[in-house]
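One-letter residues, chain by chain:
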Amino acid sequence: MTAFTYDPLRIIALRQRTFDAIDELTQLHSSDPAAAPALHAIGLIRLNLEGSWLNLIEQIYQSPAMVDWRELDRLDGPTDALVRLVDDFGARAVERRRRPHTAPGNLTGMAPVQDHIRTAIWRSALRALDEALSGTGSLAVAMRRIEVLTNTTALPEGAVVGLDELVELLASLHWALAHGHIGIGDAGAVEDALAGLTARAIASDADLDTLGRAAVADPGLSALVARHHRRFPPATTLRLATAITSGAGTNGFEPALAESLALLLVVIAHNADDATRLLTAPEILTRLVTDPSVDADAVEMLVASAIGGGVGAASGDDHDGPVPSMASLEVLAGLTTIAGDHRLSPGARRGTARGLGPVLGLLGVHLDHRRPVSVALGTDTVRLGDYNALADLVSQVLDDAPAQVALGTMFGAYRMDQLENVQAILADSDGSDPGTATRMIGASLADVTRVLELVGAAQRRHVDTELFDFAMSKRQVQQVLTTLGITAALLTGPAGPFVLRASHLISLSAAEIVTALTPDGTERIGEGLQADAAVHFTAAAVSMVVGPAPLRRAIGLDHLDDDIVERLGHHLGILEDDPSDVDALVAIESIMAADPALDTYLETVRAISGEDSLG
Amino acid sequence: MNQFASHHQHPNQLRHRAEMLRRLAIRLDSIRARDLLALAGPETWDSPRAELCRELLRANLAQIDDAGRRLRTDARLLEDRAAAAEAAALAP
């Protein structure tokens, strides 16, 4: 491929003069036989001009570089900054007239020449913009030139341009805006143009590193990327957020940098994969979820997206429902670790609360207070941490009012789903095999119980959880009562006298719940009231155990010794007379806890009733 | 038939032909194609292919120069013939 250097203005002139010359030669005629040799010579020169000359001129004239140059020339008028082109009819560039003449024999290495020339093109546009922003040039001219450069497909990606210059221009833009040299509307257009130039200037990882360093030094640059993030590769926002987070000092983020970082985090949060990618780096996660100078709303969105947004629709092996991604579980594991040593920021707590919702189904399956919590997905396993560490994390979440509401709502929705499953089981049962129905209910609600136990463990860290209780219970009290009623009817069957007893206790507790959760009764939500409700639920559950033997068989407790049944009945009678008798309640719970089957049964009923949520 | 055609042409016709050949020669002296060399130097374009174009144009212009000289020579021959024809007609 032949390389050319040429002057576009002269090429244009040469082209026109060649056309003129051909026209003139075409008009030369003579019928005199003596003119035949002259006409032959004229024919030869026409053949040369129309063939070799014009063919070559047109190749240059129609080449991408020349097309761009002519476009600039048309828009701006003759520009002496871009007057010499180098073209090999495929890869092409522009250089300044002042550049020393490049002999054809020296064009064997075109790439350096082209890089140099590309830089000249870009700088020409940037210079025009700089002049416009400083008030010495026309903004319209600069914008038209930049528009040509950013829109042309002929300019190769990765043209060399100094990001430092773009940063300076951005600073100039802010200065011009502050000093009234440019209006807000124009400033938006210039910023958009700068975003386009910056995006075009990024061609490699090294460029992204450069951009990251520049973003730390100039918050305006990362804000620009965030506002125009669609122009940039996804890796750009991640890289900038990482650079800013890593590069910030120990005293927190400067307000302007924090604001820019927040914009980036919000952009990243909209893509769960990006969010998890950012937060799987331990040092980044630690900084973002513990530094109170990072925007709380942005962190909330980011964490919620990273934990819960990466949940897919496929079913896992050991539970029904959506499956979290490994990355999202790794973020949760990271949060668990951090929560053991650091105080999470409010945004992190709220984001964790929101993010936990979608993963509760999987989490419940793996919760066991006797061993570390590990979640298996396929052949991979993520160790979330010790049970107590997870409880610490939940405890921190509960220690923030909005986070508590969010978590309560999430748990409530999760429990509602499980209760609907239970209702479906009960609805399908004809009562002929209540033992099987009970086991199915127990299996369905075991996960709920485990999750609620985790919350209970967090509660025992002296966290006031009124808001959690309220949020979780408010939406589903009717669901709980319906389920309780169906359960009681199924389990008691024709045992008439017992039905009355159980119904009385259930109604009593239900009335307490309803009272507690009605708008008028909101203020009444308190420890004492919740304790009463808990007593009634426990009493209701125990009343089924001490009922007729067929009922115990029906609920899988026919192995109980008469002594246990008698002791439970005794304490239950005390509670019926005085629901505030704590000793009786403690005695009942001790008896129930001592027998694994009774303990499981009580957990099941608690899950159905929501008793745990009430304290 | 040779390029000077008939010997029966009238001297005025011969002189007219000579005049036309000279005019063509004069036009060839100043054709615009001659300016192209000045416009197509290395400062306009530079490459082996551009140099080839210039060489071809130089050769073409040399042919044009030859053609112009030949036109002028032929014009003189036609005028000489016209003069000879007039002299022959006046001869007793």
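Residues numbered from 1 in each chain as written. Chains lettered and ligands numbered in written order. Predicted model: local features only at pLDDT ≥ 70, side-chain atom pairs only at ≥ 80, totals over all residues.

Caption draft 1: Here's a closer look at the overall build of chain A. Helix and strand content of chain A: 27 helices and 5 strands. Counting only residues that meet the buried cut, chain A has 47% of its 615 residues in that class. For chain A, restricting intrachain contacts to residue pairs at least 6 apart in sequence, the fraction spanning at least 24 positions comes to 74%. (Helix = DSSP H or I, 4+ residues; strand = E, 2+ residues; numbered from the N terminus. Buried ≥ 20, exposed ≤ 12 C-beta atoms within 10 Å, placed from the backbone. Contact = placed C-beta atoms within 7 Å.)

Caption draft 2: Representation of the interface of chain B and chain A in the model. Chain B puts 34 residues into the contact, and the matching count from chain A is 34 residues. Those elements giving two or more residues to the side of chain B that touches chain A turn out to be helix H1 (11–29), helix H2 (33–39), strand S1 (45–46) and helix H3 (48–90) of chain B. A class-by-class count of the residues in the side of chain B that touches chain A yields 20 nonpolar, 5 polar and 9 charged. (Nonpolar A, V, L, I, M, F, W, Y, C, P; charged D, E, K, R; others polar.)

Caption draft 3: Representation of the packing of helix H11 (residues 255–269) of chain A against helix H14 (residues 296–309) of chain A in the model. Residue and element names in this part refer to chain A. It is the contact of H11 with H14, at a shortest axis distance of 8 Å, that shows an interaxial angle of 25 degrees. In terms of orientation, H11 and H14 fall into the roughly parallel class. Here H11 and H14 pass one another in a crossing that is left-handed. Two secondary-structure elements touch here, H11 through Ala 262, Leu 265, Val 266, Ile 268 and Ala 269 and H14 through Ala 298, Val 299, Met 301, Leu 302 and Ser 305. (Axes fitted to C-alpha atoms, helices over the stretch in contact; angles between N-to-C directions. Parallel < 35°, antiparallel > 145°, perpendicular 65-115°, else oblique. Left-handed = near helix turned anticlockwise from the far one by under 90°.)

Caption draft 4: Region of the structure containing H3(B). An ideal rise of 1.5 Å per residue puts 63 Å on 43 residues; H3(B) measures up with 63 Å between its terminal C-alpha atoms. Turning to H3(B), its buried residues number three or more, namely Ala50(B), Cys53(B), Leu57(B), Asn60(B), Ile64(B), Ala67(B), Gly68(B), Leu71(B), Asp74(B), Ala75(B), Leu78(B) and Ala82(B). (Expected span 1.5 Å × (residues − 1).)

Caption draft 5: Expanded view of the packing of helix H10 (residues 234–247) of chain A against helix H12 (residues 272–279) of chain A. Residues and elements named next belong to chain A. Put simply, H10 and H12 touch, their axes get as near as 10 Å, and they point 30 degrees apart. When the axis of H10 is compared with that of H12, the two are roughly parallel. For the pair H10 and H12, the crossing hand works out as right-handed. Judged by residue contacts, Pro 234, Leu 238, Ala 241 and Thr 242 of H10 engage Asp 274, Arg 277 and Leu 278 from H12. Of the residues contributing to the contact of H10 with H12, the split by class is 4 nonpolar, 1 polar and 2 charged.

Caption draft 6: Representation of the environment of Thr286(A) within the structure. Residues and elements named next belong to chain A. Examined against the element boundaries, Thr 286 turns out to sit in helix H13 (residues 282–290). Sequence separation of Thr 286 and Leu 344 is 58 residues, and the distance between their C-alpha atoms is 8.9 Å. Excluding residues that lie within four positions of it along the chain, Thr 286 makes contacts with Ile 338 and His 342.

Caption draft 7: Highlighting the confidence of the model for chain B. Residue and element names in this part refer to chain B. Residue-level pLDDT values for chain B average 89, and 92% of them are 70 or greater. Mean pLDDT values over the elements of chain B span from 84, in S1, up to 95, in H1. Predicted complex, confidence summary: ipTM 0.92, pTM 0.54. (pLDDT = per-residue confidence, 0-100.)

Caption draft 8: Fine view of the confidence of the model for chain A. All names here are of chain A. When the pLDDT values of chain A are averaged, the result is 72; 63% of them are 70 or greater. The secondary-structure element of chain A with the lowest mean pLDDT is helix H22 (residues 496–517), recorded at 41, while H13 shows the highest, at 94. Contacts from residues 78–82, a stretch scored under 50 in pLDDT, to residues over four places away or in other chains number 11 contacts. Counting contacts from residues 489–533, a segment whose pLDDT is below 50, to residues more than four positions away or on other chains yields 70 contacts.

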